[in-house]
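Analysis of the macromolecular model
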Amino acid sequence: MARLPIPGSDNGSWGNILNDFLAQSHQPDGKLKDGIVTEATLDASTQSKLNGGSGKVDKATLTTKGDMYVASGTSTPARLGVGNDGSVLTADSTQSLGVRWSYSAKMLAKQYFIDDYDADPTGVNDSNQALIDVYTAMGANPGMIVFGVGTYKLYVGLNDASGHCIGAQQAVIGQGSGLTTIDYRGPGAFLEFRNKTFGTTGNKPAGGAHSLTILGWNNGNNNTCGIRYGDIWRMRITDVEISGFNQPGSIGLWGDNQTHWSERAYIECVVNQCTECFVFESNTGSATSGSFDYSQYWLSFVVQPNQHAFVLRSGTAGSKVSMNGASVTLTGNCQLSTVGGTNTGVMFRVGKDDADGANFSGELQIGVETSGTVGGSAHYDFMQGTGSFWLVNSRVSATGSINLIPYSGTNFKTGNATPRTFAFGGMLKGSPALGSTGTVQSFQSLQLMSQARGGYFLDATREMQTFYITEATGGTYTLTYNGQTTSPALPYNASVSQVQAALNALSSIGAGNCTVYSAQPRFVNSVVKNEIGFNVEFDNALGSLDLPLMSINGSGLSGTGNLATDVFKKVSGSSNPTYVVYIENGSIFAMEPTPGTYRLRLDTGGLTAFGTSTIYSGDSPFGVNTVDIWIKQPDSGGSVIFEPPFFVPAPRSGSVYEFKWMDGQDPILSTTPGAVDIIRLTSYNFTKWVGQHLTRVSTSNVPPPASATSPGVKGQIAYDASYIYVCTATNTWVRSPLTTW
């Protein structure tokens, strides 16, 4: 039995006895053998701490790789389970353990680096397969496809057509628009963000695109695009430049709804030299969906001649698109065409055609300059529709400012653009917001505050004849024009189309030479008459001619009231065209006609349905009590003359309203260059307009009169080196010498 050596004895055997004793519990290297120290060998205090005390550590609770113990209090350890991949341990005093696993701001979504999938950032070889592989790796999970520094040549895009559409909570990022370049040569869009999994309602979150440049210069395909997005919510695009998508049908940035809606986007994007830089449209086929609402856009562009900068439109028939409460900042450069060249490019346009119901409302800040060939044509500036403004259904209601700045000597006006064809508050041509003339020229800013709707346009002076059938309840009638009578007779309640067909069948008129519109019943003593009215407008072969009056034979009509028929001219045809001022609401409309002789016509009320056979409920002065028409004479090139009568209210539709000048005489407009005549119209009792020629306001630089009877308008002031001249009455001048003191 092993023992320790006994002092004073065991001479000569101490070493063997001691080694034998130590070998019972130790290994040859001095370490304790396994099982030597057991719980039973520990004192009671130690056993208590291990078994029942607050300091217990039980390895059985460490169940997962990466688990650890941390202090939950003084001398109190507790288990903290391992976090998820990519999470970091973060101090948090609100937690019972004082720490928690979390994601850093840069680790909210997993990053998939395309260079890890053998992409070529030199642009020598294409990176098609790498893009497909990295997209497959990300799948439908939240994440970001990350491009490195360099140029990536791609014939495959991340788009819906290829099955690689970027979905909800996903993004594509580079290292900066000056560091990462995508040389896209494939069909369709390079990036397409869409989320159809939410159906047509509910939030549709999406990531975005950040910090890269997308080039289409080497793309020979038509209908290509840099970025296309739609059917999502909270889209984000920042530090992105798109350039060179200039083939037919190509677009730089394309907002396209196909299922329901997109909104609350934040887009900061530069788009240069694309066929259309920014397009926002709906292809839902529904007039009640497809809006890009409450979004914020910071858009910068450079457009070549015949390219478009900003277009808001309905993409397919039956669709409707609108920006409601949007904030758009549009800055850039409109390149001039060569001298004598054409430039059909549009800077800012709402609606693709006259029937498009696209709408914009919100804040609009525009600052654009011209550059290029001096004397070349500039872009059109602001348009709604392409043809007659009668048919324009789109509307713009905005607050903000416009700044159009010439850079190389040619501004938007002398560059053959039409700076007064912008539409704010729905007013087309010559918006009078804050009393402006509506003409934006070089270094001129217009603050936009108006909510009125209307405008003016130049139209042919077509003859308009009107007839009424009053109190008829049955029977028929005929119309006779220039010796020809309609046959068979028309029923008392004939429709617009029936009357038009009967008149066009007359050889004295001819097919297609007249159009018929409904006319509202007339008012007598503030009572609407029980009658049916028609306006007959002559056009084409009979256009611009002073024609004989048609007649009506109502002998075949029957009725119990005061049966009557009536026919008269509302407008006689003229070879001189007509400036049409149409008003839906508002009080000041400014005009700047070109030199020539014209007629002037006023139309009021709900004109958006013009061109249909609808009987109008508007087209009356009901909603417009007083209107001021400001008519500015050209600064050069001749004067503007209007043939009397100046105003014929609502000739195409609506009731017949009496019109008269307050002084009983047609006014004669000033012919002084730059002079402004103000015609005030006031409606009374819904039956008549009263016109008043108020004042003539001269512009600066009125030339000194040659004599005391030189042409002049009361209130004009001129001066030269010797005198100051004051016009005290029409063509009456006085002068006073200029002296020092």
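Above this note sits the structure.
Residues numbered from 1 in each chain as written. Predicted model: local features only at pLDDT ≥ 70, side-chain atom pairs only at ≥ 80, totals over all residues. Heavy atoms only, no water.

With respect to the environment of Thr61
Convention followed: Each helix is a run of DSSP H or I of at least 4 residues and each strand a run of E of at least 2, with the numbering of both proceeding from the N terminus. Only protein chains enter the calculation, and the probe is 1.4 Å; a residue is then buried if its accessible area is under 20% of its type maximum, exposed if over 50%, and partly exposed in between.
Residue position: Thr61 is located in the loop between helix H2 (44-51) and strand E1 (68-73). Overall, the relative accessible area of 30% leaves Thr61 in the partly exposed class.

Considerations on the packing of aromatic side chains
The description of two aromatic rings rests on the distance between their centres and on the angle between their planes. Under the convention used in this document: Here the aromatic set is Phe, Tyr and Trp, taking the six-membered ring for Trp, and pairing holds for ring centres within 6.5 Å; pairs whose planes are under 30 degrees apart are stacked, those over 60 apart are edge-to-face, and all others are tilted. Working rule: Lys NZ or Arg CZ, within 6 Å of ring centre, within 35 degrees of ring normal, means a charge sits over the ring.
Evaluated as defined, the whole model comprises twelve aromatic pairs. Geometrically, the ring pair formed by Tyr184 and Phe190 is tilted, given 5.5 Å between the ring centres and 55° between the ring planes. Taking the relative accessible area as the measure of exposure, Tyr184 reaches 0% and is therefore buried. Judged by relative accessible area, Phe190 falls into the buried class, the value being 0%. Pairwise contacts between aromatic rings join Phe280, Tyr297, Phe310 and Phe348 into one cluster. Geometry around Trp254 places Arg228 over its ring, the cationic atom sitting 4.1 Å from the centre. Arg735 extends its terminal NZ or CZ atom over the ring of Tyr723, reaching a point 3.8 Å from the ring centre.

Section: the state of the cysteines
How we decide: A pair of sulfur atoms, both from cysteines and within 2.5 Å, is called a disulfide here.
Inspection of every chain in the model, using the stated rule, returns zero disulfides. Its sulfur unpaired, Cys225 is 8.5 Å from the next cysteine sulfur, which belongs to Cys274. With no disulfide of its own, Cys269 lies 9.1 Å from the sulfur of Cys274, the closest cysteine sulfur. Take Cys269: its relative accessible area is 2%, and that puts it in the buried class.

Here's the deal with a negative patch on the surface
Defined as follows: Note on patches: the residues involved have over 30% relative accessible area and no salt bridge, like charges join within 9 Å, and the nonpolar side chains Val, Leu, Ile, Met, Phe, Trp and Tyr join within 5 Å. Calculation of accessible area relied on Shrake-Rupley with a 1.4 Å probe; when residues are assessed, cover is drawn exclusively from the protein chains displayed. What makes a salt bridge here is a side-chain nitrogen of Lys or Arg within 4 Å of a carboxyl oxygen of Asp or Glu, nothing more. We count Lys and Arg on the positive side and Asp and Glu on the negative side, and we leave His and both chain ends out. The atoms used to mark charge sites are NZ of Lys, CZ of Arg, CG of Asp and CD of Glu.
There is a patch of like negative charges on the surface, built from Asp115, Asp116, Asp118 and Asp133. Mapping Asp118 onto the fold places it in the loop between strand E5 (110-113) and strand E6 (122-126).

Quick word on helix H3 (residues 128-138)
Rules: The reported arc concerns the directions from the helix axis to the C-beta atoms and nothing else. By the convention used here, residues are in contact when the closest approach between their heavy atoms is within 4.5 Å.
Here H3 has its buried residues at Asn128, Ala130, Leu131, Val134, Tyr135 and Met138. The arc that holds the buried residues of H3, viewed along the axis, is 165°, so those residues lie on one side. Contact partners of the buried residues in H3: E5, E6, strand E7 (143-146), strand E8 (150-154) and strand E9 (170-173). Of the residues one or two after H3, Gly139 is the one with positive phi, at around 60°.

Quick word on the nonpolar core
Applied cut-off: The criterion is simple. A nonpolar core is a set of buried Ala, Val, Leu, Ile, Met, Phe, Trp, Tyr and Cys residues joined through side-chain atoms within 4.5 Å.
The biggest cluster of nonpolar side chains holds 61 residues, and the ones touching the most others in it are Phe147, Ile227, Leu253, Phe278, Phe301 and Phe310. Leave out the neighbours within four places in its chain, and Ile227 touches Leu191, Phe193, Ala209, Ile214, Ile237, Val240, Ile242, Gly252, Leu253 and Trp254. If you look at the next biggest cluster of nonpolar residues, it comprises 25 residues, including Tyr481, Leu490, Leu506 and Ile552.

Points about a nonpolar patch on the surface
Nonpolar side chains collect at one region of the surface, where Ile717, Tyr719, Ile724, Val726, Val734 and Leu738 lie side by side and expose about 550 Å² of accessible area between them. Tracing the chain through its elements places Ile724 in strand E51 (residues 723-729).

Brief notes about the sheet that holds strand E38 (residues 531-538)
This is how it is decided: DSSP bridges decide pairing: two strands pair if at least two such bridges lie between them. Fitting a line to C-alpha atoms yields each axis, with helices limited to the stretch in contact; the angle taken between N-to-C directions then spans 0 to 180 degrees.
If you trace the four strands from one edge of the open sheet to the other, you get E35-E38-E31-E41, paired in antiparallel fashion. Looking at which strands have only one partner, the edges of the open sheet turn out to be strand E35 (514-519) and strand E41 (564-571). On average, each strand axis in the sheet is inclined to that of its neighbour by 20°, with strand direction left out of account. Sitting on the sheet, helix H4 (residues 496-504) is in contact with strand E31 (464-470), E35 and E38, with an inclination near 150° to E35.

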